[in-house]
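# Topology and contacts: notes
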Amino acid sequence: MKTRKIRLLAIALLMAMTATAQNPTETQLPVVNWGLKTQANASNILLKGLPNEVHTEMAFGGELGGFLNFNISQRFFIQFNLMYFAEQTQMVSTTQNTPLWTLGIEVPVYALARFGSVERGWFYLGGGPYTEFSLWATMDDGSGDTLNPYKHVVGIDDETGEEQLAMTDSHSGLGVLLGYELPCGLQFNASGQYSISDILAFAHPNTMSAHPLKVMLGFGWRF
């Protein structure tokens, strides 16, 4: 009798293990997985109150980098990204129309909800903060020469004597991400970012501001 109970228990355990293998549960997800992504971007800077009716128009660039997923559960995960970017913004005024090229590093962090299954693929969406660092930039200064607006001195602080730059070389804001992942790991992503930071580095009235804005579309591969 005792032997029979042991056999029934072993069969029940085997059936449970088989069912688990066929229908993955949250405990089977890896705690961490990673991948690579590339995407096209279109960026501009929302300007307000600048002289000479200066404004910007969106222009195209590109990005390449990777991501790290921390799986909290089957339906929720945190994604850390490290992206190297080339951004282009068309600077337009009453006197000239010139592109501003910027190269740098971007670090977005997204809290994402996931819907679907292993067999059909996953939709995911969410958002979170990001920070962007500009490493190099160039644009025409209107006289035929080029300048880096993140290093360009526009004045001297009367109180401290420190140089005042045109724009800060870093900013932070909020981003959103929407994507779909095929069962094989191929991903398609659409995202957008808006800078909460005002990147004008010199003293200016509240009626004047500059806030970067960017949208991205691309694909990636999760390993």
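This paragraph deals with the side chain of Asn 71. Relative to the helices and strands, Asn 71 is located in strand 2 (residues 55-71). Under the relative-accessibility criterion, Asn 71 is labelled buried at 11%. Side chain to side chain, Asn 71 and Arg 114 meet in a polar contact 3.0 Å long. Ignoring any residue separated from it by four or fewer positions in sequence, one finds Asn 71 in contact with Pro 30, Val 31, Asn 33, Phe 76, Phe 77 and Arg 114.

Tracing the sequence through the fold places Asn 189 in strand 10 (residues 186-195). With near-sequence residues (within four places) excluded, Asn 189 lies in contact with Lys 37, Tyr 124, Leu 177, Leu 178, Gly 179, Met 216, Leu 217, Gly 218, Phe 219 and Gly 220.

Here Leu 100 lies in strand 4 (residues 97-117). For the pair Leu 100 and Thr 56, spaced 44 residues apart in the sequence, the C-alpha separation amounts to 9.6 Å. Here Leu 100 is in contact with Ile 45, Glu 87, Gln 88, Thr 89, Met 91, Ala 137, Thr 138, Met 139, Pro 149 and Met 167, once residues within four sequence places are set aside.

Applying the stated criterion across every chain yields a total of four aromatic pairs. Taking 5.6 Å as the distance between ring centres and 80° as the angle between the ring planes, the aromatic pair formed by Phe 70 and Phe 80 counts as edge-to-face. With Phe 70 in strand 2 and Phe 80 in strand 3 (residues 76-92), this residue pair connects regions lying ten residues apart in the sequence. The exposure class of Phe 70 is partly exposed, given its relative accessible area of 32%. Relative accessible area serves as the criterion here: at 38%, Phe 80 is assigned to the partly exposed category. Between the aromatic rings of Phe 77 and Tyr 124, the centroid separation amounts to 6.1 Å while the plane-to-plane angle is 70°, which identifies the pairing as edge-to-face. A residue pair is termed long-range when its members are at least 10 positions apart, and Phe 77 in strand 3 and Tyr 124 in strand 5 (residues 121-140) qualify at 47 residues. Summarising the burial analysis for this pair, Phe 77 and Tyr 124 share the class buried. In this arrangement the basic side chain of Arg 114 is found over the ring face of Trp 122, its NZ or CZ atom lying 5.5 Å from the centre. Positioned above the aromatic ring of Phe 85, the side-chain terminus of Lys 214 is 4.9 Å from the ring centre.

Conventions adopted
Residues numbered from 1 in each chain as written. Predicted model: local features only at pLDDT ≥ 70, side-chain atom pairs only at ≥ 80, totals over all residues. Heavy atoms only, no water. Helix = DSSP H or I, 4+ residues; strand = E, 2+ residues; numbered from the N terminus. Buried < 20%, exposed > 50% of the residue type's maximum accessible area, 1.4 Å probe, protein only. Polar contact = N/O pair within 3.5 Å; in protein donor to acceptor, adjacent residues only side chain to side chain. Contact = heavy atoms within 4.5 Å. Phe/Tyr/Trp six-rings, centres within 6.5 Å; stacked < 30°, edge-to-face > 60°. Lys NZ or Arg CZ within 6 Å of the ring centre and 35° of its normal.

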